[in-house]
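# A structural walkthrough
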There are 2 protein chains.
Amino acid sequence: MFDFTIALQANSKTPLYEQLYQAIADQIRKGNLKYPDLLPSKRALEEMMKVSHSTIETAYSLLSAEGYIESIPRVGYRVNRRIPMPFTVLSMAKPGMDRIRSVSGSKTQEPKEENADRYLSFSTGDVDTSLFPYSSWARIYKEVVYQNPDLLQRGEAVGDLHLRKTLAAFLNQYRGVVCGPQQIIVGSGAEYLLGLLIQLFDEDITIGLEDPGYPAVRRILTNYGRFYLSLDMDQKGLKEEQLYQKKIDLVYVTPSHQFPMGTTMPAERRSRILSWAEKCGGYIIEDDYDSEFRYRSRPLKALQGLDKAGRVIYMGTFSRSLAPSIRVAFMVLPQELMKRYQQKFGKQSCTVSRFEQQVLAEFIDRGLYVRHLRRCTNLYKKKEARLIEDLTAIKGSFVSGQGAGLHFLLHLPSVSREGLIRAAQTYRLQLHFLDEYAEKAQMPYPILVIGFGGLSFEQMSQNAQALTKAVETAQEGQTLRSQ
Amino acid sequence: MFDFTIALQANSKTPLYEQLYQAIADQIRKGNLKYPDLLPSKRALEEMMKVSHSTIETAYSLLSAEGYIESIPRVGYRVNRRIPMPFTVLSMAKPGMDRIRSVSGSKTQEPKEENADRYLSFSTGDVDTSLFPYSSWARIYKEVVYQNPDLLQRGEAVGDLHLRKTLAAFLNQYRGVVCGPQQIIVGSGAEYLLGLLIQLFDEDITIGLEDPGYPAVRRILTNYGRFYLSLDMDQKGLKEEQLYQKKIDLVYVTPSHQFPMGTTMPAERRSRILSWAEKCGGYIIEDDYDSEFRYRSRPLKALQGLDKAGRVIYMGTFSRSLAPSIRVAFMVLPQELMKRYQQKFGKQSCTVSRFEQQVLAEFIDRGLYVRHLRRCTNLYKKKEARLIEDLTAIKGSFVSGQGAGLHFLLHLPSVSREGLIRAAQTYRLQLHFLDEYAEKAQMPYPILVIGFGGLSFEQMSQNAQALTKAVETAQEGQTLRSQ
């Protein structure tokens, strides 16, 4: 039964909606309210509690986002059958469980990762922050703030020259990118830069995307009202004949480590795609999002470095190599596009704090970034190996796309997708299926996208055990039904 | 004569284009090359120097942006009559001359401020950074980095809850803004946020802008292909009847301190504009860009706080109150627009580094921001008073729009605009005329927009002297001609 005697304090620092949310969540956790109880209507609650409609609206939508309640059309809000684990249980999952966030944190994830905080998950979006160079980063920040009062004034719109010079040199040395600092644009995140980039092209161009691919890219294009086609891939990456057949003007690729397939585009395919761009005047967006991490082979040179005709836009980010919260990404534009950029956005202020631009530049200049990458690569290599080993417990499964980056694919043995999802839920494990990243591409059997960047070794084996059990449970269910 | 024996070093850390730029600038500064000498054609230089076309292109465009040379259509590049002052002379202008930037810095300014580095200027874009709280900022940053490893993970898309709570409380206390943290979106700069905001509205809405007004707002709307109308103003601000007559859907206003007029919208006009929005379902963007600084009167409550119907979008920034390089701005959306925002951009990562978000939140929470504002207000108040006094030397002039913010208007006595520009140039003084900020609005006589935020007291009197002399020179010229 709903307890209307909740005491809300108008003078508290905690907003009313949050007090209401907490009080109801508390009633649900204590079992006073349970499935299939209905919550009072918003209007009733408004009358009884004397709070505003929007307070209730917000509290209910938080409860709903957090998985406590669900909206039943034309009925109202009902307590869920499975409610989220209370905080106390979650915090036992430490150490390394650094992904527990504040109440409203989970609202902002990609849909697949919704409520991921409350579940075990092989999320692809997190990185290991245990190696973050706290002390050198904070020390350099302090130096920069003290030594350079000029940095408080507005900087260059495309990013500070110091950082752009450093990036040009670094990218040349480590990725074979050939560019001058005047071709680089620094911005707060690859998504932001991609949004600017597509505005440099006519509205009616045809954009080709890898399928499966990054959902964020589709989302951004849709937001800008742009038209895209999903392109087929094989083991070598995007099949280039479609670029001709479908009259693509701009194609987005992840040649170093395809997201989410994990494949690396071999040199021969690269040169075919480049020659398409040169012949047809197409442009290629090369997103080198996690090229920093390779565990088995030397990385191939970036497409950009092979491009003699100025057809490649190279994009990179520090979200994975440093931390997702440090919002520094960059793109390298061919001269022709840089002119368009300057015309359209030349006066738009850079979105990255100059302090952090300079800290990053110094961090790279002093060799600390390369050292940091080396440490991270060692750690991720060990993690990947361990997780692959842990997953061998799943009989008949195999992995692909490993050896680089922070995720790989797990091909599952014969098991129904629905049965697996149901079984995984009982182990509080959230799964990311490859087909969630696909628009048209069909998978012959369930394939999981397994991210490990943000997981500790303990979490990895916990997750692997849960997955193993879930697969077994699902298979038993199938056997039982078929008997 | 152009000296082709320039020695460029391929192995140097300095890129070739910069070496070339420096060498040519040097020839010009030494007078070996001077007006009206022509530079060799790009092709000739390419052949002689054995460098790439793009190296030469870049060097020439730098020289051109810096004011050394100018492009004469179908002729080539010619050395300018007036060349920029060499660095050595500029650096004599210290102390406080903190606006000397690296060579390519000046390319990224608003057009009016181009080459401002080389000139004296009453720029409106700079702030006084001498009071920046270096030590507390760096100390808090260090604390935040060390104490909160969770901050390395991806944060909430709309900005960290901590910062949004702090902002909601601060805005309520100091600006009368009424909102919860769930209505706030944090982003890296007001321009960035404005770009997102307008995408929440249909493409065919009619947007009304103050005229004169912010050039950046027009630029952003144009970039997004949006249609706007320039609206007339009087001493009280925007004349509200036009909102009805021109069927405006969304209007952008700066009621606290109109940019660039400097007027404050009185309460009565505010309520008329609000009642338009309520009656017609219009939306109001209230840009409160420099409301922190008032020298004579208490600030009026923000429009947002008076709005009962959810029609006001409130925008603010820390660019002026802290530093332009700290890219933190925010907007407060009515619930209805927040829903649209969540649908369209809910998954778009926040563009501000979480470290800096937390530093700012702590900085405000600990009362350091209010203390900083108090200090800045005292300093700016003194600066404004001094500059107005210095400018009384210009006979027949008067100021308006003073008493708040970092700029005011200077109404000049009878003098021709062209004569004044010419005279000002001989004193190396760059002027910003009010009509440069206008689309349709006509000025009966020359009015200057006088920014003082980034000027030291010495620079202010230097600028005021130069302006006084320029006005006198221009008036003498007129007298001579009319004799």
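Residues numbered from 1 in each chain as written. Chains lettered and ligands numbered in written order. Predicted model: local features only at pLDDT ≥ 70, side-chain atom pairs only at ≥ 80, totals over all residues. Heavy atoms only, no water.

## Quick look at the overall build of chain A
This is how it is decided: Each helix is a run of DSSP H or I of at least 4 residues and each strand a run of E of at least 2, with the numbering of both proceeding from the N terminus. Two things to know: the radius of gyration comes from C-alpha atoms, and the globule rule equals 2.2 Å times the number of residues to the power 0.38. Only protein chains enter the accessibility calculation, which uses a 1.4 Å probe; a residue is then buried when its area is under 20% of its type maximum, exposed when over 50%, and partly exposed in between. Two residues qualify as a contact provided that any one of their heavy atoms is within 4.5 Å of a heavy atom in the partner residue. Note that His is not counted, nor are the chain ends; the positive residues are Lys and Arg, and the negative ones are Asp and Glu. Charged side chains are reduced to one point each, which is NZ for Lys, CZ for Arg, CG for Asp and CD for Glu.
Broken down by element type, chain A carries 16 helices and 16 strands. A compact globule built from 483 residues would reach a C-alpha radius of gyration of about 23 Å, and chain A, at 25 Å, matches this within 12%. C-alpha extents for chain A along the principal axes are approximately 70 × 65 × 45 Å. Counting the 483 residues in chain A, one finds 61% classified as buried. If you take every contact in chain A between residues at least 6 apart in sequence, the share linking residues at least 24 apart comes to 72%. The average position of the 62 basic charges and that of the 53 acidic charges among the side chains of chain A differ by 2 Å.

## What to know about the environment of Lys-165 of chain B
Here Lys-165 of chain B is to be found in helix α6 (residues 161-175). Under the relative-accessibility criterion, Lys-165 of chain B is labelled partly exposed at 31%. Contacts of Lys-165 of chain B, omitting those with residues within four sequence positions, involve Pro-15 and Glu-18 of chain A together with Pro-181 of chain B.

## Describing the sheet that holds strand β9 (residues 250-253) of chain B
All names here are of chain B. Note the cut-off: A pair of strands counts as paired when DSSP detects no fewer than two bridges linking them. For helices, the fitted line uses only the C-alpha atoms of the stretch in contact; every axis is such a line through C-alpha atoms, and the angle between N-to-C directions lies from 0 to 180 degrees.
If you trace the seven strands from one edge of the open sheet to the other, you get β4-β12-β11-β10-β9-β5-β6, paired in mixed fashion. Each having just a single partner strand, β4 (184-187) and β6 (228-231) make up the two edges of the open sheet. For this sheet the average axis-to-axis angle between neighbouring strands, irrespective of direction, equals 20 degrees. Relative to strand β10 (residues 283-287), β9 runs parallel, the two sharing four bridges. Note that in β10 the partner of Val-253 across the bridge is Glu-286. Helix-sheet contacts for helix α7 (residues 190-198) involve β4, β10, β11 (312-317) and β12 (329-332), and the interaxial angle to β12 is about 35 degrees. On the sheet, helix α8 (residues 215-223) packs against β5 (207-210), β6 and β9 and is oriented at approximately 160 degrees with respect to β5.

## Examining the relation of the copies chain A and chain B
Our working definition: The fit set for superposing copies consists of C-alpha atoms from residues with pLDDT of at least 70 in both; the fit itself is least squares.
By a simple turn and slide, chain A fits onto chain B: the slide is 0.1 Å along the axis, the RMSD is 0.2 Å, and the turn is 180 degrees. The relationship between the two copies is best expressed as a two-fold rotation axis. When the interface residues of chain A are mapped onto chain B, 99% of them are again interface residues, pointing to one common binding face.

## Thoughts on the nonpolar core
If you look at soluble globular proteins, the nonpolar side chains tend to sit buried side by side. Our working definition: Residue types Ala, Val, Leu, Ile, Met, Phe, Trp, Tyr and Cys, when buried and joined through side-chain atoms within 4.5 Å, form a set referred to as a nonpolar core.
Counting 146 residues, the largest nonpolar core has Leu-467 of chain A together with Leu-467 of chain B as its most contacted members. When near neighbours in sequence (up to four residues on either side) are disregarded, Leu-467 of chain B contacts Phe-122, Leu-391, Ile-394, Leu-410, Leu-429, Leu-431, Leu-448 and Ile-450 of chain B. In this structure, Phe-201, Ile-205 and Tyr-283 of chain A together with Leu-221 of chain B belong to the second largest nonpolar core, which totals 77 residues.

## Regarding a negative patch on the surface
We count it as follows: For patches, a residue must show more than 30% relative accessible area and have no salt bridge; joins then use 9 Å for like charges and 5 Å for nonpolar side chains, namely Val, Leu, Ile, Met, Phe, Trp and Tyr. Accessible areas in this description were obtained via Shrake-Rupley with a 1.4 Å probe; residue shielding takes into account the shown protein chains only. Whenever a carboxyl oxygen of Asp or Glu lies within 4 Å of a side-chain nitrogen of Lys or Arg, that contact is scored as a salt bridge.
Where like charges cluster on the molecular surface, the negative patch consists of Asp-202, Glu-203, Asp-204 and Asp-249 of chain A together with Asp-202, Glu-203, Asp-204 and Asp-249 of chain B. Here Asp-202 of chain A shows up in the loop between α7 (190-198) and β5 (207-210).

## Brief notes about the packing of aromatic side chains
Aromatic rings in a pair are described by how distant their centres are and how their planes are angled relative to each other. Rules: Two rings belonging to Phe, Tyr or Trp (six-membered ring only in the last case) form a pair when the distance between their centres is within 6.5 Å. Interplanar angles under 30 degrees mark stacking, angles over 60 mark edge-to-face geometry, and anything in between is tilted. Our definition puts a charge over a ring when NZ of Lys or CZ of Arg is within 6 Å of the ring centre and also within 35 degrees of the ring normal.
Scanning all chains against the criterion turns up 46 aromatic pairs over all chains. Between Phe-293 of chain B and Tyr-380 of chain B, the ring centres sit 5.0 Å apart and the planes meet at 75 degrees, which makes this aromatic pair edge-to-face. Here Tyr-380 of chain B lies in helix α14 (residues 368-391) and Phe-293 of chain B lies in the loop between β10 and α11 (303-306), a separation of 87 residues in the sequence. Considered together, Phe-293 of chain B and Tyr-380 of chain B belong to a single accessibility category, that of buried residues. Geometrically, the ring pair formed by Tyr-314 of chain B and Phe-330 of chain B is stacked, given 6.3 Å between the ring centres and 25 degrees between the ring planes. Residue Tyr-314 of chain B is located in strand β11, and its partner Phe-330 of chain B is located in strand β12; the two are separated by 16 residues in the primary sequence. When the ring centre of Phe-433 of chain A is taken as reference, the NZ or CZ atom of Arg-417 of chain A above it lies at 4.2 Å.

## Comments concerning helix α10 (residues 267-280) of chain A
Residues and elements named next belong to chain A. This is how it is decided: A helix is expected to span 1.5 Å multiplied by its residue count minus one. As used here, the arc is the angular range of directions from the helix axis to the C-beta atoms.
Compared with an ideal rise of 1.5 Å per residue, which puts 14 residues at 20 Å, α10 spans 20 Å between its outermost C-alpha atoms and is within 8% of the ideal. Every buried residue of α10 is listed here: Arg-269, Arg-270, Ile-273, Leu-274, Trp-276 and Ala-277. Projected onto a plane normal to the axis of α10, the buried residues spread over an arc of 150 degrees and lie on a single side. Pointing more than 90 degrees away from the buried face of α10 are the exposed residues Glu-278 and Lys-279. Downstream of α10 by a residue or two, Gly-281 has a phi angle that is positive, lying close to 70 degrees.

## Remarks on the packing of helix α5 (residues 134-147) of chain B against helix α13 (residues 354-365) of chain B
Residue and element names in this part refer to chain B. Applied cut-off: Should an angle fall under 35 degrees it is taken as roughly parallel, and over 145 as roughly antiparallel, whereas 65 to 115 is taken as roughly perpendicular and any remaining angle as oblique. The sense of a crossing depends on the near helix, which, turned anticlockwise from the far helix by less than a right angle, makes the crossing left-handed and, turned clockwise, makes it right-handed. Classification used: nonpolar for Ala, Val, Leu, Ile, Met, Phe, Trp, Tyr, Cys and Pro, charged for Asp, Glu, Lys and Arg, polar for all others including Gly.
Direction vectors running N to C along α5 and α13 enclose 120 degrees, while the axes themselves pass 9 Å from each other. Between α5 and α13, the interaxial angle falls into the category oblique. The crossing of α5 and α13 is right-handed. Taken together, the residues of α13 that come into contact with α5 (itself represented by Ser-136, Trp-137, Ile-140, Tyr-141, Val-144 and Val-145) are Phe-355, Glu-356, Gln-358, Val-359, Leu-360, Glu-362 and Phe-363. For the contact of α5 with α13, the class distribution of residues is nine nonpolar, two polar and two charged.

## Describing the sheet that holds strand β4 (residues 184-187) of chain A
All names here are of chain A. Ordered by their spatial adjacency, seven strands build an open sheet running β4-β12-β11-β10-β9-β5-β6, and the pairing between neighbours is mixed. Unpaired on one side and paired on the other, β4 and β6 (228-231) mark the two borders of the sheet. The mean inter-strand angle of the sheet, taken between neighbouring strand axes irrespective of direction, is 20 degrees. In this sheet, strand β12 (residues 329-332) lies alongside β4 in antiparallel orientation, the contact comprising four bridges. Bridged to Ile-185 within β12 is Met-331.

## Topic: unusual backbone geometry
The peptide bond linking Phe-259 of chain A to Pro-260 of chain A adopts the cis configuration, its omega dihedral lying at 5 degrees. Residue Pro-212 of chain B follows Asp-211 of chain B across a cis peptide bond; omega there is 5 degrees. Summarising the element assignment, Pro-212 of chain B is placed in the loop between β5 and α8. Within the chain, Lys-247 of chain A stands out as a residue other than glycine whose phi angle is a positive 50 degrees. Note on placement: Lys-247 of chain A falls in the loop between α9 (241-245) and β9 (250-253). The exposed category is assigned to Lys-247 of chain A, whose relative accessible area is 64%. The backbone of Arg-428 of chain A shows a phi angle near 55 degrees, a positive value even though the residue is not glycine. Along the polypeptide, Arg-428 of chain A turns up in the loop between α15 (417-426) and β15 (429-430).

## Regarding the interface of chain A and chain B
In plain terms, the rule: By definition, the buried area sums, over both parts, the 1.4 Å-probe accessible area that each loses when the two are put together.
With 68 residues of chain A at the contact, the number on the chain B side is 68 residues. Across the chain A/chain B interface, buried area totals approximately 6,100 Å², and carbon plus sulfur atoms make up 51% of it. The tally of links between chain A and chain B comes to zero salt bridges. Broken down by secondary-structure element, the contributors of at least two residues to the side of chain A that touches chain B are α1 (16-29), α3 (53-65), α5 (134-147), α6 (161-175), α7, α8 (215-223), α12 (335-345) and α13 (354-365) of chain A. At eight residues, α5 of chain A tops the list of elements feeding residues into the side of chain A that touches chain B. Looking at side-chain class alone, the side of chain A that touches chain B contains 27 nonpolar, 23 polar and 18 charged residues.

## Brief notes about the pattern of salt bridges
Across all of its chains, the model carries 36 salt bridges over all chains by this definition. A salt bridge links Lys-42 of chain A to Glu-57 of chain A; its shortest N-O distance comes to 2.8 Å. With Lys-42 of chain A in helix α2 (residues 42-49) and Glu-57 of chain A in helix α3, this pair connects stretches of sequence that are 15 residues apart. Ionic pairing is found between Lys-383 of chain B and Asp-128 of chain B, a salt bridge with its closest N-O pair at 2.5 Å. Pair noted here: Lys-383 of chain B is in helix α14 and Asp-128 of chain B is in the loop between β3 (120-121) and α5, with a separation of 255 residues, a long-range link. Each member of the salt-bridge network shares a partner with another, and the members are Asp-234, Lys-236, Glu-240, Glu-268, Arg-269 and Arg-272 of chain A.

## A closer look at the confidence of the model for chain A
All names here are of chain A. The line we're drawing: Residue-level confidence of the predictor is what pLDDT reports, using numbers from 0 through 100.
Of all residues in chain A, 91% attain a pLDDT of 70 or more, and the chain-wide mean is 86. Here residues 86-117 is a poorly scored stretch, pLDDT under 50, and it has 71 contacts once near neighbours within four places are set aside; other chains count. This complex was scored by the predictor with a pTM of 0.74 and an ipTM of 0.70.

## Some thoughts on the environment of Arg-218 of chain B
All names here are of chain B. Assignment of secondary structure puts Arg-218 in helix α8. For Arg-218 and Tyr-228, which are 10 residues apart along the polypeptide, the C-alpha to C-alpha distance reads 8.0 Å. Setting aside residues no more than four positions away along its own chain, Arg-218 makes contact with Leu-209, Glu-210, Asp-211, Pro-212, Gly-213, Tyr-228, Tyr-437, Ala-438 and Glu-439.

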